[in-house]
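Each chain is listed here by its residues.
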Amino acid sequence: MGWLDPTAYSIAILAGGQGRRMGGPKLGLLLTPDTSALDWAWRTIRDSGLSGCTSVYEGANLPGAYAPCVDVERGGGPLIGLRTVLAQSQTPYVLVWAVDQPGITVDVLRRLVAAHMRTKGTTLVTSTDIRDGFHPFPGVYAKDLIPTIDAVLVQGKRSLHALAQAVGDHTRACFPEEVTNSLNTPEELAAWRRRSGFIAR
């Protein structure tokens, strides 16, 4: 099975966040004056050759080209978004990351899939950084995780950390912080733009 096997893997972008610290929904986040974070993520999807979808909140005005799938509960957090995309996936495994993570590239996806294949089909591959910090995204999530997600939700837990704890031991792929970091505030966005050369230092 090659890493680009479209029958085994697809991609999902979680874009249902309200972006309260950013000042507006992450779906409308602009990385540059003419490029949204969602467009940025979909460039990676197209370059990978895999099919993709975008998890969004109900009422989001998103063109069909982004393959929107509406979260079953608005404001339910990333665990609800994850369950939504897994339920609608046509593949057994889904590569998932958040729309506010512009550091995800095709090479990152390749490394995730390589880690997943080494474990012979584990249900979960998450990320870590050089400080050994846990990052749920980017990750590889199996469709078979849906019952585990439901059990976590029944317990009143909404975090992806709770899901990882429920799964127990799982594979982690190590990436630099610029890969796993999310842009959660205007200051973080400005810093990313400076590092990327989009604005003067």
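Heads up: the structure comes first, above all this text.
Described in the following lines is the structure provided in the data block. Keep in mind that what you see is a predicted model, and the values were worked out from it rather than measured. (Residues numbered from 1 in each chain as written. Predicted model: local features only at pLDDT ≥ 70, side-chain atom pairs only at ≥ 80, totals over all residues. Heavy atoms only, no water.)

Some words on the nonpolar core
Quick note on the threshold: Buried Ala, Val, Leu, Ile, Met, Phe, Trp, Tyr and Cys residues form a nonpolar core when they are joined through side-chain atoms within 4.5 Å. A 1.4 Å probe rolled over the protein chains alone gives each residue an accessible area, and that area as a share of the maximum for its type sets the label: buried under 20%, exposed over 50%, partly exposed in between. Strands are runs of DSSP state E lasting at least 2 residues, helices are runs of H or I lasting at least 4, and numbering of each runs from the N terminus. Only heavy atoms enter the contact rule, under which two residues are in contact if any of them lie within 4.5 Å.
Counting 61 residues, the largest nonpolar core has Ile 13, Leu 82, Trp 97 and Tyr 141 as the members making the most contacts within it. Per element, the largest residue contribution to this core is six residues, and it comes from strand 6 (residues 93–98). Contacts of Tyr 141, omitting those with residues within four sequence positions, involve Leu 82, Leu 86, Pro 92, Tyr 93, Val 94, Val 96, Thr 123, Leu 124, Thr 126, Pro 136, Leu 160 and Leu 163.

Here's the deal with the side chain of Ser 127
Tracing the backbone shows Ser 127 in strand 7 (residues 124–128). Since its relative accessible area comes to 0%, Ser 127 is described here as buried. Contact partners of Ser 127, with chain neighbours within four places excluded, come to Leu 112, Gly 133, Phe 134, His 135, Phe 137, Pro 138, Arg 172, Ala 173, Phe 175 and Thr 180.

Digging into the sheet that holds strand 1 (residues 9–14)
Heads up, the condition is: For two strands to count as paired, DSSP must find a minimum of two bridges between them. Here an axis means a line fitted to C-alpha atoms, over the contact stretch when the element is a helix, while the angle between two N-to-C directions is reported on a 0 to 180 degree scale.
Ordered by their spatial adjacency, seven strands build an open sheet running 5-4-1-6-8-7-9, and the pairing between neighbours is mixed. Since the sheet does not close on itself, it has two edges, and those belong to strand 5 (68–70) and strand 9 (171–174), each with one partner. Taken pair by pair, the neighbouring strands of this sheet meet at an average axis angle of 30°, ignoring direction. With four bridges joining them, strand 1 and strand 4 (residues 52–56) adopt parallel strand pairing. Each bridged residue has a counterpart across the sheet, and for Ile 11 the counterpart in strand 4 is Gly 52. Sitting on the sheet, helix 5 (residues 160–167) touches strand 7 and strand 8 (134–142), and the angle it makes with strand 8 is about 60°.

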